[in-house]
Amino acid sequence: MEENGRATGKDDSSLVFAINSQRFELRNLDDPSITLLQFLRSQTSFKSPKLSCGEGGCGACVVLLSKYDPELDKVEDFSVSSCLTLLCSLNGCSITTSEGLGNSKTGFHNIHKRFAGFHASQCGFCTPGMCMSFYGALVNAEKAVDDRPPSSGFSKLTAVEAEKAIASNLCRCTGYRPIADACKSFAGDIDMEDLGINTFWKKGDSVQDKMSRLPLYSPGDGVCDFPEFLKGQGKGGSLSSWIVPGNVEELQRLMKGIDHGNETRVKLVVGNTGVGYYKEEKDGCVERYIDLRYVPELKRIKMDETGIKLGAAVTISTAIKALKKENDEVYQKIAAHMEKVATSFVRNSGSIGGNLVMAQKKHFPSDIATVLLAAGSYVEVLTGEIHERLTLEEFLERAPMGSKDVLVSIEVPKWKASQIGSRLAFDTYRASPRPLGNALAHLNAAFMAEISETSEGSVMSSCRLAFGAYGTKHAIRVKNAEEFLTGKKVTPAVVYETIRLVKSTVVSAEGTSNPEYRSSLAVGFLFNFLSSFMADPFKGNASNGWLNGHSIAPDEDSEATQKSCHDGKSSLLLSSGKQVFQASKENRPVGEAIGKTGAALQASGEAVYVDDIPSPPNCLHGALVCSTKPLARVKDIGFRSNSPPDGVAALISYKDIPKDGENVGSKTMFETESLFADELTRCAGERLAFVVADSQKHADSAANLVVVDYDTESLEPPILTVEEAVKRSSFFNVPPFLQPKPVGDITRGMAEAEHRIINAEMKLESQYYFYMETQTALAIPDEDNCMVVYSSTQCPEYSGAAIAQCLGLPEHNVRVITRRVGGGFGGKAFKSLPVATACALAAHVLQRPVRTYVSRKTDMIMAGGRHPMKISYSVGFKSNGKITALKLDILINAGIALDVSPIIPVHLIGALKKYDFGALSFDIKLCKTNHSSKSAMRAPGEVQGSFIADSVMEQVASTLSLDVDSVKTVNLHSHDSLKLFYGRSCGEPHEYTLTAIWDRIARSSSFNERREMVEKFNRCNLWSKRGISRLPIVFEAGGMATPGKVSILSDGSIVVEVGGIELGQGLWTKVKQMAAFCLSSTNCKDSLLERVRVIQADSLSLIQGGITAGSTKSESSCEAIRLCCNLLVERLVPLMEKLQKETGSVRWEMLISQAYMTSVNLSASSYYVPDFATTRYLNYGAAVSEVEVNLLTGETTILRSDLVYDCGQSLNPAVDMGQIEGAFVQGIGFFMLEEYKTNSEGLVTADSTWRYKVPTIDTIPKQFNVEILSSGHHQNRVLSSKASGEPPLLLASSVHCATRAAIKDARKQLHSWGGLDSSHAMFSLAAPATMPVVKELCGLDSVESYLIWRMDHK
Ligand SMILES: Cc1cc2nc3c(=O)[nH]c(=O)nc-3n(C[C@H](O)[C@H](O)[C@H](O)COP(=O)(O)OP(=O)(O)OC[C@H]3O[C@@H](n4cnc5c(N)ncnc54)[C@H](O)[C@@H]3O)c2cc1C
Ligand code: FES
Ligand code: FES
């Protein structure tokens, strides 16, 4: 077929492109399906683009792609996801990565500097991708031809555009606010006062000062000029595997030439983004690609009075631009809808045609098909010699396109009203977990209507009603409803009947999740559309007394009421945030808000994570194979075909464990866990084997080809629920020292109660860590039977011990090294161990280095995550809401292995005790089930305990018809009751800051005023309801035994080692500050901060490192360093005094060089062991959140969250602020979004970014105010500091409670329409409160109820 391929460049047989201006020329590519990311990471030194999802859903791999158009002599720049971009498609292209923008050698780019300065990088794994997404927007804004002149030092981007630029990128650490600030700092319309905490200026500095301190931006900063050598390179290259037809005729010849039976080996391609969804297409089965991007008919955009014709290869981004240019409402709406399709970096390369072909051939839940269907579009299809023009409807309905069919173009007609006196209306809708896109719709819809205004009202002359993505083969029109509506006046009765027709047609295929919810969305959207044609205020802002019991009082005409009633549609973007804190100067630099160590390096992508370490020669790569059965004998594991797949070197299983070793993959303080299942697999997700191959791609593909022969005969059924575990008495023991203690006399407490709720039940689900860097390790065999393992782990010490036990080696033979971890959240603690152990075992067996970077899917399947639980409780209380007794029965699903599950009960009860329950008793069972073992995830147990406590408050308040806030207030602890519940941890009365915080947050958030506003808003809005909630938290913490070592080198530089691991939580930064502070007591005049370097953890260099978890490893590490420094200071002070006497003031270098001369020991080690009896303390905080719920879709928008958190004397307020905000947003994920679903056998089905939705910038609070309260000194805490890593996560349940409050009002309204009975106030809201969950509680039939009620109350 090559002869048909167009000769497109000077060099016909090569692929030429540039990366960061460096020329690359490839002559042969064995595998044409290799992606740019695979190439960058395996064959270049440019490691800033990271792999996190590999499916276009996270943005970690984003790069800037630049193309030269010789006809226009113009360079086009756009961001793309390098994990989907095929390397072959890059002939003549220039790629810029974050290190190409700037780096530590040539100077960081201002984007890097601002990301660092605004504290926008924590673990840093997302940061280079964020920088590149933003950079793409910046470059294009500069190119935009418009009359906005950039003000000096700023870009042409607006603040909204700046935020939108990173709306598609995921970050699991920061909570986005600081990233948004870093981006907005470039915006021309930004008010500098609105930007948050940073290292550039202090609050109160003048605008001029601020400007002068900000790394200045000027257009073109850091832009690599498009390399001249690429300008004559032509278009597509001509590798035999990559064919670039230059016109339709060539394309036709090519298609004709495809041999029968060879169709699947040849693939038409434009952006290749489709493989993000259809991942099976990734696995190297394609031998040849036909690149459609250079066929003029397919890339042309033609506009005339009849409409717009878009070539099928036109990218979605280009189509949006073209549509937006037209002053046409239909086009504008289509463009606006398309802006929510996928992510910006997918839209930049993904084509309109690719989308429609996916919809037509594979039933992809497309948005584009739906909106274009409503707009009456046509398509042109080429089959052999035949060109066909079809309506989009015909195209979608016909049999799936053949492999030789080509979609050539799409026409969207221009619509005008057909008669004088009528008007055209068009609107599009989508309901998805993320408002700005990067999430498939639960349902999408688009409606077009022509309305004639008559004296009697609006009459529908014609209409098109299209719905899609609801679990249907393709988008459809509901023709019977269209016919019914035509010619009718839009009245409640007509709308009701139309809705009925729609509902009977928009029915999801069997097996689709939430089918009723999806149908109700169809109703909601149609109602929304049609209600705008009603003569009366039918659609929402009711201003009279339609709602029973909800009529607006006369005084509510005030301006404030109007505002609360009508400011309803808040912008989709985060608008503002405030951070308040006091930086302590006492122990400088400790207490200062200095920037995170290495943040700029993380932004430029030079920071080295495990997978960035270059592979040693001869290195192999592994991929884990996991069980899909919960309980089965494993009879055999092998490959489908007789010969192993390409590149495979071995299939390692438990049989390969050396005879002196043991089948141990993980080792906690409680138990060891097997590395691989032996004859029996005991949960879906259990590791069965490790495929080792010559590349990660080969290993991953081969792992998919492994066939496991299971046998379940004569086995008992697996235990898949906690109820079943109870039935079969399948429990783990909790050691006595970890058993929480009951409080008071429960029988008496219950007897004192005036009311009781008996056996109320609730359930809490799991949560996945979603660290951006998945599990990874590299094991290198060393001399004398030793093993060096680089692991992304929170506990190298345990990792070393597990590996040694598995290999049957003494522990001193195994060295585990961890420099930084790309996000942990508990998931890189014991769950990282089997991954490192598998690499070590394979390396030991094969005597070659072996590494793995676990795919997102496998990671999600294995991870286990947070503990799900079932809670049943009885509570007794007085009429004022004061609780007298709470009794709980809790069944915790611990999964198949113990891991650290025994800590959960004590953590749970610790956080639950935040209220004075009078008396508290519980029975907690750790259920052993055939699920993957659950592990600690940020605030393990505490988040559930705190939530349960608030749920009890909600139920008590509902039972008594009391305001829930007053019930919480009446149950807050006094210091006496606190002492009863927490013992010595509660400290002195003055340390109990919660009651002050409770009042403070009410004032700072204007809680009471806003509650009134919310009430008024709800009275005058039918289809949105707001809720507001305040809640407190108490979180018990204590130090951990931690080693440290400080050494001073001869030039005065200081090297620090600690047991704690840098996970993004700023541990190194705090440790650095502590070292600089403590060593400054030598009285030298120099600042020592910049001389301190914290180095990677090495399990043999510093033993007993323990585990970095539980929020207090930073402070414990700091304390260990303080002890080391004290020793050093003690040794240096006599010398210092002597030198001072001789020379006056003494510089640090001089002191150290003299110390070397006089053989002072300049290295000190310590092992900090806290006194567990006295150093435990309580953390306090409170939050107020306000949300708005859309009753038609169940969407919850977080309007505002205010947090006040007692950080003691913060060691670094910027770091703590980052922890507080990041934890809160992760909590939002748990309470509102993240569904870690499994199938009926316990196999995780939420195994991708498509199915698991962590918060994005559009789902965080629109206004996010955080105050760090600096409470008093305390001798037992490390420099009086408190923890910040986990406790603030608990505050996120304020969002859940506020949602519940909004739903409560929605249900009251529904009751008034007759849609609910009188028990409407008693309900429980599941967590996560996803859109379907919320909508169901607000009434799946609420529209119908309303219409019936309206018809009855004419
Ligand atoms: C993370 C992510 C999120 C997404 N979210 C959404 C969303 O919310 N809503 C939505 O509607 N879409 C969504 N998409 C789908 C996206 O729009 C498509 O992936 C994209 O438009 C496909 O275009 P492409 O050029 O990359 O196609 P390719 O990947 O190049 O091709 C896709 C398929 O179509 C075939 N093909 C392509 N062009 C033609 C042609 N002209 N004639 C015949 N066959 C052809 C290819 O052979 C292939 O089988 C998402 C995609 C990703 C990766
Ligand atoms: S790794 Fe490419 S988008 Fe996630
Ligand atoms: S800093 Fe964004 S994922 Fe860690």
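Computed from a predicted structure; not experimentally measured.

K.L.:
Any chance you could explain the packing of helix α12 (residues 329–338) against helix α15 (residues 367–374) here in plain terms?
P.N.:
Angle between the axes and distance between the axes are the two parameters that describe a pair of packed helices. Taken N-terminus to C-terminus, the directions of α12 and α15 make an angle of 170°; their axes are 10 Å apart at the nearest point. By the angle between their directions, the pair α12 and α15 is classed as roughly antiparallel. Contacts from Ile-334, His-337 and Met-338 of α12 reach α15 at Asp-367, Ile-368, Val-371 and Leu-372. Residue classes in the contact of α12 with α15 are distributed as 5 nonpolar, 1 polar and 1 charged.

K.L.:
Just checking my understanding: could you explain the side chain of Ser-317 for this structure?
P.N.:
Here Ser-317 lies in helix α11 (residues 316–325). On the basis of relative accessible area, Ser-317 is assigned to the buried category, the value being 15%. Here the side chain of Ser-317 touches Asn-348 through a polar contact of 2.6 Å, side chain to side chain.

K.L.:
Even after reading the chapter, I still don't get the pattern of salt bridges, so can you show me in this structure?
P.N.:
If the charged atoms of two oppositely charged side chains come close together, the side chains can form a pair. One pass over the structure, following the stated rule, counts 73 salt bridges. The salt bridge partner of Lys-596 is Glu-1062, with a shortest N-O separation of 3.3 Å. Within this pair, whereas Lys-596 is found in the loop between β18 (576–580) and α21 (599–604), its partner Glu-1062 is found in the loop between β38 (1054–1058) and α34 (1067–1079), the two being separated by 466 residues in sequence. Taking the relative accessible area as the measure of exposure, Glu-1062 reaches 4% and is therefore buried. Two residues, Asp-916 and Lys-882, come together in a salt bridge whose shortest N-O distance is 3.8 Å.

K.L.:
Teacher, can you tell me more about the packing of aromatic side chains here?
P.N.:
The description of two aromatic rings rests on the distance between their centres and on the angle between their planes. Under the definition given, this model contains 41 aromatic pairs. Where Phe-1230 meets Phe-1231, the ring centres are 5.0 Å apart and the plane angle is 70°; that geometry is what we call edge-to-face. Summarising the burial analysis for this pair, Phe-1230 and Phe-1231 share the class buried. Aromatic rings pair up to connect Tyr-429, Phe-447, Phe-467, Phe-525, Phe-529 and Phe-533 into one cluster. The ring of Tyr-609 carries the charged tip of Arg-820 above its face, separated from the ring centre by 5.7 Å. The ring of Trp-998 is capped by Arg-1030, whose NZ or CZ atom sits 3.8 Å from the centre of that ring.

K.L.:
Is there a simple way to think about the pairing of strand β14 (residues 422–431) in this case?
P.N.:
A regular strand places its side chains on the two faces of the sheet in alternate fashion. Within β14, 7 of the 10 residues are buried, which leaves the element mostly enclosed by the surrounding structure. Looking at chain direction, β14 and strand β15 (residues 443–454) are connected through 10 bridges and run antiparallel. Each residue of the ladder has a partner; that of Thr-428, found in β15, is Ala-446.

K.L.:
What's the story with the confidence of the model for the protein in this structure? I'm lost.
P.N.:
If pLDDT is low for a region, its predicted coordinates should not be looked at in detail. In this model, the protein carries an average pLDDT of 92, and 95% of its residues clear a pLDDT of 70 or more. Note on residues 1–11: pLDDT under 50 across the span, and 32 contacts to partners over four residues away in sequence or across chains. Across residues 537–572, where pLDDT falls below 50, the model places 73 contacts with residues more than four positions away in sequence or in other chains.

What counts, and where the lines are drawn
Residues numbered from 1 in each chain as written. Chains lettered and ligands numbered in written order. Predicted model: local features only at pLDDT ≥ 70, side-chain atom pairs only at ≥ 80, totals over all residues. Heavy atoms only, no water. Axes fitted to C-alpha atoms, helices over the stretch in contact; angles between N-to-C directions. Helix = DSSP H or I, 4+ residues; strand = E, 2+ residues; numbered from the N terminus. Parallel < 35°, antiparallel > 145°, perpendicular 65-115°, else oblique. Contact = heavy atoms within 4.5 Å. Nonpolar A, V, L, I, M, F, W, Y, C, P; charged D, E, K, R; others polar. Buried < 20%, exposed > 50% of the residue type's maximum accessible area, 1.4 Å probe, protein only. Polar contact = N/O pair within 3.5 Å; in protein donor to acceptor, adjacent residues only side chain to side chain. Salt bridge = Lys/Arg side-chain N within 4 Å of Asp/Glu carboxyl O. Phe/Tyr/Trp six-rings, centres within 6.5 Å; stacked < 30°, edge-to-face > 60°. Lys NZ or Arg CZ within 6 Å of the ring centre and 35° of its normal. Pairing = 2+ DSSP bridges. pLDDT = per-residue confidence, 0-100.

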